[in-house]
Amino acid sequence: MSHRINGPEKPTRLAAWTRFATGTLLLGGLIVTLMQGYTPPGPAGDVFRNNQLHDINANPLFYTDVESLVPD
Amino acid sequence: MAEDTHTAEPNQDARRGSRWRELYKTEDWWAVWIGFAILLFAVAVAGFHGHVKAPSIQRWTTNPLDAFYSDVTVKVKDWPETLRSATALKAALPRETADQLRYKRKVRYEEGQRKTSETIGWKSRRPMSEADRDAILPTLASGAHRKAIEQLYRDTQTPKPNFMAMAVLMVVLGAGFALAVAMMGGRARSFATGYLVIFLLGILAYLIADQGTMKAYGLPYALWALVFGLLISNTIGTPKWLLAGSKTELFIKTGLVLLGAEILFSKIVMLGSRGVLVAWLVTPCVILFMYFFGTRVLKMTSKSLVIIVAAATSVCGVSAAIATAAAVKAKKDELTLTVGMTLIFTVLMMIAMPPAIKAVGMGEQVGGAWMGGTIDATGAVVAAGALLGDNAEIVAAVVKMIQNILIGLVAFCVAVVWVTNIERDPQAAHPSVMEIWYRFPKFIVGFVAASLLFSFVLIPVFGGGLQGLNAVEKDVIGAVTKTCRGWLFCLAFVAIGLESDFRQLAGQMAGGKPIVLYLVGQGFNLILTLIAAYLAFGGWLFDAIPMN
């Protein structure tokens, strides 16, 4: 592994790829689960449900990314 | 950040001798050149009424291919209440048709006036069929609405794919960066291979963030880009060929120069002074409080980590963290930690604040101002405000926008303080103005220059006042620069993930001090902003704004 940086100290190639595959599967599972639109019950899920209902994008980081804050 | 070429300390003669070489040998200056080339292109296209739109990933629901096709939209007025949501549409139309159709209502606040606009849209990958059109028309009574649907039907017959435009953007940006890499003594060909894979990971990050349901959660592309990078670097390790394309500094700094152009001071005049009271009075107090709390009380050794967390908490989350981290040349792990913390707490505050405000019976405007001043990301602010009502949404968004504008000032001031005080040898004499200039991060100059140029030169050139502001926001920023900036930040986050190590990240946690800093700082922010919100919108100093 001398040609790589940041990786685990000296894992075998198989162990490293097993970790990668496991991580990818877990991450994929999380993404697919989130995409189903699950929302927590009660007030904790109110914002998510309102966002889904009115198609509100909660992702923008800066105001110019918010559709409703810039001119059409 | 930490690995900057300009952070090296050669002897003074050598440094002065190579001053001019810095213009084409440092990432800071290349960020300025590439950033301004993009800005110039965008202004020229808008000036000659050209129709260029930088490609972005579009919202999609079930088929990811939809993300590569632009929506078709038509303006409507007084769209029937019964169709004003995805649920209502689904109830009124066949599922397949309803999934394609979108209704969007925008509520804005301009020059003391509340303005509403409505559009209907259609995902253009699949043209609207006659059956789709005939399913919608019976639900509409008004002739104007029927005309709008007929127009939508016509406009959707020619799908607008983004594939080619995205490839062109990737190649053009890549060519600019490859030139920079070559001029700075690197190998352009090695860079290109890694860059290509990083761009593809960036597309994947955007694709996930822009799925219809994911947009509701407030989990932006930055998070997914970071996670993909971390997954690779902490399992199989980042290969050297991939690392060669990982020019984090260059991506971030170029993105920041473009972000500078989005900070328009005329916006403040348009939005009014009350938001300034909430956003600008509190922000400097919170930054100073958090800096002294982090360095003196918590005794955190990394001052750069303290200031990044402080800026992210008090200004606008991820964007402020990026700008400040670049200004103080922070380590990548510090930025990764701050961004991760900010994103998690943003979602938590977006969930918790609206029910809390409702529970105590706080007024919509005060609640909106409170959320606008405290929740870090603008998207989450708007989402939380929308749950309380239109007035809360408008006030929250206005306060946040005004706070967003502070990002340039904060980055500039932090860079000056770092160069003149923090990085300076305490035994050395106070540096001269020229010495400060040599050590000053030059991309900040591009960042501030872009903001001033767009605010005070370009807006008047485009007609001045609200007309000029709207033209610049729509035709220059909206069409080209903000999309390019988004791509650059996305590439930067993939690259940061690829260069971050969980063990170093754990080291940055230092007994949980960064979390304590965030929580105490955010607590202080919540208290101070609440007082300011009552002063500005709750009748303590001014009456509430009539918005009906």
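What you see is a predicted model, and the numbers here were worked out from it, not measured in a lab.

Rules used throughout
Residues numbered from 1 in each chain as written. Chains lettered and ligands numbered in written order. Predicted model: local features only at pLDDT ≥ 70, side-chain atom pairs only at ≥ 80, totals over all residues. Heavy atoms only, no water. Helix = DSSP H or I, 4+ residues; strand = E, 2+ residues; numbered from the N terminus. Buried < 20%, exposed > 50% of the residue type's maximum accessible area, 1.4 Å probe, protein only. Areas by Shrake-Rupley, 256 points an atom, 1.4 Å probe, with all protein chains shown as cover. Rg over C-alpha atoms; globule rule 2.2 N^0.38 Å. Phe/Tyr/Trp six-rings, centres within 6.5 Å; stacked < 30°, edge-to-face > 60°. Core = buried A, V, L, I, M, F, W, Y, C linked by side-chain atoms within 4.5 Å. Contact = heavy atoms within 4.5 Å. Buried area = accessible area lost by both parts, 1.4 Å probe. Salt bridge = Lys/Arg side-chain N within 4 Å of Asp/Glu carboxyl O. Polar contact = N/O pair within 3.5 Å; in protein donor to acceptor, adjacent residues only side chain to side chain. Nonpolar A, V, L, I, M, F, W, Y, C, P; charged D, E, K, R; others polar. Disulfide = S-S within 2.5 Å. Expected span 1.5 Å × (residues − 1). Bend = angle between axes of the 7 residues up to and from the residue. Axes fitted to C-alpha atoms, helices over the stretch in contact; angles between N-to-C directions. Parallel < 35°, antiparallel > 145°, perpendicular 65-115°, else oblique. Left-handed = near helix turned anticlockwise from the far one by under 90°. Pairing = 2+ DSSP bridges.

1. Structural notes on the overall build of chain A
Part 1: Scanning chain A for helices and strands turns up two helices and one strand.
Part 2: The buried share of chain A, reckoned over its 72 residues, is 44%.
Part 3: Accessible surface for chain A amounts to roughly 3,900 Å². Of this, 67% is attributable to carbon and sulfur atoms.

2. What to know about the overall build of chain B
Part 1: Looking only at helices and strands, chain B has 26 helices and four strands in total.
Part 2: Here chain B has a C-alpha radius of gyration of 24 Å; the compact-globule value for 548 residues is 24 Å, and the two agree.
Part 3: Here the C-alpha coordinates of chain B stretch approximately 80 × 60 × 50 Å along the principal axes.
Part 4: Every one of the 548 residues in chain B was classed for burial, and the buried ones make up 60%.

3. A word on the environment of Asn421(B)
Part 1: With respect to the element layout, Asn421(B) can be found in helix α21 (residues 390-422).
Part 2: Considering only alpha carbons, one finds Asn421(B) and Pro431(B), 10 residues apart in sequence, at a separation of 9.3 Å.

4. Describing the packing of aromatic side chains
Part 1: Scanning all chains against the criterion turns up 23 aromatic pairs over all chains.
Part 2: Taking 5.5 Å as the distance between ring centres and 35° as the angle between the ring planes, the aromatic pair formed by Phe62(A) and Tyr63(A) counts as tilted.
Part 3: For the ring pair Tyr195(B) and Phe199(B), a centre distance of 5.9 Å and an interplane angle of 55° mean the geometry is tilted. Of the two residues, Tyr195(B) and Phe199(B) both sit in helix α9 (residues 188-209), four residues apart, roughly one turn of that helix. Taken as a pair, Tyr195(B) and Phe199(B) share a single burial class, namely buried.
Part 4: Clustering of aromatic rings is evident, with ring pairs tying together Phe177(B), Phe191(B), Tyr195(B), Phe199(B), Tyr206(B), Tyr221(B), Phe251(B) and Trp487(B).

5. Things to note about the nonpolar core
Residue and element names in this part refer to chain B.
Part 1: Within the largest apolar cluster, 183 residues are counted, with the highest numbers of intra-cluster contacts made by Trp 224, Leu 256 and Ile 407.
Part 2: Residues contacting Leu 256, with those up to four places away along its chain left out, are Ile 322, Ala 323, Ala 326, Phe 443, Phe 447 and Phe 489.
Part 3: Formed by 20 residues, the second largest nonpolar core is a distinct cluster that contains Leu 83, Leu 101, Ile 120 and Leu 152.

6. Details of the interface of chain A and chain B
Part 1: Each side of the interface is counted separately: chain A has 49 residues, and chain B has 77 residues.
Part 2: Around 5,700 Å² of area is buried between chain A and chain B when both sides are counted, 61% of it from carbon and sulfur atoms.
Part 3: Our count for the chain A to chain B interface comes out at four salt bridges.
Part 4: The salt bridge partner of Arg102(B) is Glu67(A), with a shortest N-O separation of 3.9 Å.
Part 5: Remark: the boundary between chain A and chain B carries 21 residue pairs in polar contact (both at pLDDT 80 or more).
Part 6: Looking at the side of chain A that touches chain B, the elements that each hand over two or more residues are β1 (4-5), α1 (13-35) and α2 (46-53) of chain A.
Part 7: Looking at the side of chain A that touches chain B, the element that brings in the most residues is α1(A), giving 10 residues.
Part 8: Taken together, the residues of the side of chain A that touches chain B sort by class into 26 nonpolar, 15 polar and eight charged.

7. As for the state of the cysteines
Disulfides are covalent bonds that link the sulfur atoms of two cysteine residues.
Residue and element names in this part refer to chain B.
Part 1: A full pass over the atoms with the stated rule returns zero disulfides over all chains.
Part 2: No disulfide involves Cys 413; its sulfur sits 14 Å from that of Cys 285, the nearest cysteine.
Part 3: Cys 413 gets classed as partly exposed once you look at its relative accessible area, which sits at 38%.
Part 4: Distance from the sulfur of Cys 490, which forms no disulfide, to the nearest cysteine sulfur (Cys 484) is 13 Å.
Part 5: By relative accessible area, Cys 490 is classed as buried at 0%.

8. Describing helix α24 (residues 465-499) of chain B
Residue and element names in this part refer to chain B.
Part 1: With 35 residues, α24 should cover 51 Å at 1.5 Å per step; its first-to-last C-alpha distance of 45 Å lies more than 12% under that length.
Part 2: The largest bend along α24 measures about 60° and falls at Ile 477.
Part 3: Where burial is concerned, most of α24 is hidden: 30 out of the 35 residues are buried.

9. Thoughts on the packing of helix α18 (residues 332-360) of chain B against helix α19 (residues 364-374) of chain B
All names here are of chain B.
Part 1: The N-to-C vectors of α18 and α19 enclose an angle of 160°; their axes lie 11 Å apart at closest approach. As far as their axial angle goes, α19 and α18 are roughly antiparallel. Crossing hand, α18 versus α19: right-handed. Of the residues in α19, those in contact with Met 349, Met 353, Pro 354 and Ile 357 of α18 are Gly 367, Trp 370, Met 371 and Thr 374.
Part 2: Considered class by class, the residues forming the contact of α18 with α19 number six nonpolar, two polar and no charged.

10. Considerations on the pairing of strand β1 (residues 72-76) of chain B
Here is the key point about a regular strand: its side chains alternate between the two faces of the sheet.
All names here are of chain B.
Part 1: Going residue by residue along β1, you find Val 72, Val 74 and Val 76 tucked away on one face and Thr 73 and Lys 75 left uncovered on the opposite face.
Part 2: Looking at chain direction, β1 and strand β3 (residues 113-122) are connected through five bridges and run antiparallel. Across the sheet, the residue bridging to Val 72 is Trp 122, located in β3.

11. Structural notes on unusual backbone geometry
Residues other than glycine predominantly adopt negative phi, and peptide bonds predominantly adopt the trans conformation.
Part 1: In this structure, Asp55(A) takes a positive phi of about 55° despite not being glycine.
Part 2: Structurally, Asp55(A) is set in the segment after α2.
Part 3: Judged by relative accessible area, Asp55(A) falls into the buried class, the value being 14%.
Part 4: Of note in the backbone geometry, Lys329(B) takes a positive phi value of approximately 55° without being a glycine.

12. Looking at the pattern of salt bridges
Part 1: Per the stated rule, a full pass over the model turns up 18 salt bridges over all chains.
Part 2: Taking the shortest distance from any N to any O, the salt bridge between Arg59(B) and Asp55(A) comes out at 2.8 Å. Note that Arg59(B) is positioned in the loop between α3 (27-47) and β1 and Asp55(A) in the segment after α2, a pairing that runs across two chains.
Part 3: The buried category is assigned to Arg59(B), whose relative accessible area is 15%.
Part 4: For the salt bridge of Asp71(B) with Lys123(B), the shortest nitrogen-to-oxygen distance reads 2.5 Å. On the criterion of sequence distance, the pair formed by Asp71(B) in the loop between α3 and β1 and Lys123(B) in the loop between β3 and α6 (130-136) is long-range, its members being 52 residues apart.

13. Quick notes on the side chain of Glu118(B)
Residue and element names in this part refer to chain B.
Part 1: Assignment of secondary structure puts Glu 118 in strand β3.
Part 2: Among the polar contacts made by the side chain of Glu 118, one reaches the side chain of Tyr 103 at a distance of 2.6 Å.
Part 3: If we ignore the near neighbours within four places in the chain, the residues touching Glu 118 are Val 74, Lys 75, Val 76, Lys 77, Asp 78, Trp 79, Arg 84, Tyr 103, Lys 104 and Arg 105.

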